[in-house]
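# Architecture and fold: a report
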Amino acid sequence: YVVDPADIPRVVSDAALLVRDGNIIVFGSAALAFRLPNAPKTRDVDLWCEPPERGDIVTVFMGELSWYSEKHGTYVEVWGPETFAAPQKWRSRAQVLTNDDAPLVRLIIPHPHDILLAKLERWEPQDRTHASLILAAFPLSAQALGALVFESPYRAGRITDAERLMRFEAHLKELTTML
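These numbers were taken from a predicted model, which means no experiment stands behind them. (Residues numbered from 1 in each chain as written. Predicted model: local features only at pLDDT ≥ 70, side-chain atom pairs only at ≥ 80, totals over all residues. Heavy atoms only, no water.)

## Quick word on the overall build of the protein chain
Quick note on the threshold: Numbering goes from the N terminus for both helices and strands, where a helix is a DSSP run of H or I of at least four residues and a strand is a run of E of at least two. The globule rule used here is 2.2 Å times the number of residues to the 0.38 power, and the radius of gyration it is set against is calculated over C-alpha atoms. Relative accessibility thresholds used throughout: buried, under 20% of the residue-type maximum; exposed, over 50%; partly exposed, between the two (1.4 Å probe, protein chains only). Note on definitions: a residue-residue contact is assigned when non-hydrogen atoms from the two residues lie within 4.5 Å.
When you go through the protein chain residue by residue, the secondary structure sums to eight helices and five strands. Each helix and strand of the protein chain, ordered N terminal to C terminal, gives the series α-β-β-α-α-β-α-β-β-α-α-α-α. For the protein chain, the C-alpha radius of gyration of 16 Å lies close to 16 Å, the compact-globule estimate for 179 residues. Referenced to the eigenvectors of the C-alpha coordinate spread, the extents of the protein chain come out at roughly 40 × 30 × 30 Å. Every one of the 179 residues in the protein chain was classed for burial, and the buried ones make up 49%. Across the protein chain, every contact between residues at least 6 apart in sequence was considered, and the portion connecting residues at least 24 apart equals 71%.

## Side note on the sheet that holds strand β1 (residues 22-27)
Which entries qualify depends on this criterion: Pairs of strands are assigned from DSSP output, requiring at least two bridges between the strands. A fitted line through C-alpha atoms represents every axis, and for helices the fit uses only the stretch in contact; the resulting angles, taken between N-to-C directions, go from 0 to 180 degrees.
With respect to topology, five strands assemble into an open sheet ordered β3-β2-β1-β5-β4, the strand pairing being mixed. Looking at which strands have only one partner, the edges of the open sheet turn out to be β3 (76-78) and β4 (95-99). Here the average twist between neighbouring strands, direction ignored, is 30 degrees. As defined by bridge partners, β1 adjoins strand β2 (residues 45-50) across five bridges and the pair is classed as antiparallel.

## Observations concerning the pattern of salt bridges
Worth spelling out the cut-off: Take a side-chain nitrogen of Lys or Arg and a carboxyl oxygen of Asp or Glu: if they are within 4 Å of each other, that pair is a salt bridge.
One pass over the full model with this rule turns up 14 salt bridges. Notably, a salt bridge pairs Asp127 with Lys119, separated by 3.0 Å at the nearest N-O pair. Both residues of the pair, Asp127 and Lys119, belong to the buried class. Here the salt bridges do not stand alone but share partners, grouping Lys119, Arg122, Glu124 and Asp127 into one network.

## As for the environment of His130
With respect to the helices and strands, His130 occurs in helix α6 (residues 125-137). Not counting the four nearest positions on each side in its chain, His130 is found in contact with Ser29, Leu32, Pro40, Lys41 and Lys119.

## Structural notes on helix α2 (residues 55-62)
Applied cut-off: When we speak of the arc, we mean the arc of directions from the helix axis to the C-beta atoms.
Of all the residues in α2, the buried ones are Gly55, Val58 and Met62. The arc that holds the buried residues of α2, viewed along the axis, is 60 degrees, so those residues lie on one side.

By themselves, these observations are geometric and do not establish any function.
Printed below as a string of structure tokens:
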């Protein structure tokens, strides 16, 4: 599966029709389709729902190997909020959208800088490419990066696993060279 960024708002809108009431937080590469003019393609659409039980129906009807994935060539992965290792105040920077077809659902799209920080632990080749796209559209100073890092779960003590912390710090050094 490869999702064209132009199709992601439609996929999220379809998920909103199933959720009917609550919040959908779109994160990862799919969220970049809402914020970047030249957003990358992605394998799937990552999101989580508030309240969490609203995500169950999305998983059933739009998950991998569902009728939706067969028909549209993409699928939705529903996660929990712990999957998005963003800075603590990410919601204050997020874009909040509504959908005419599901007016009781709020679509919450994190700022690209928050997505960038959340990708640092994994930091696969496509994440480095996404970082370049993010920084081209939303330049980031070393001082602003420092503030985001300070409120990240890796520095705020919410993630304490030594191996995860080591990966984050190593990848942060690489990101700093990209500023």
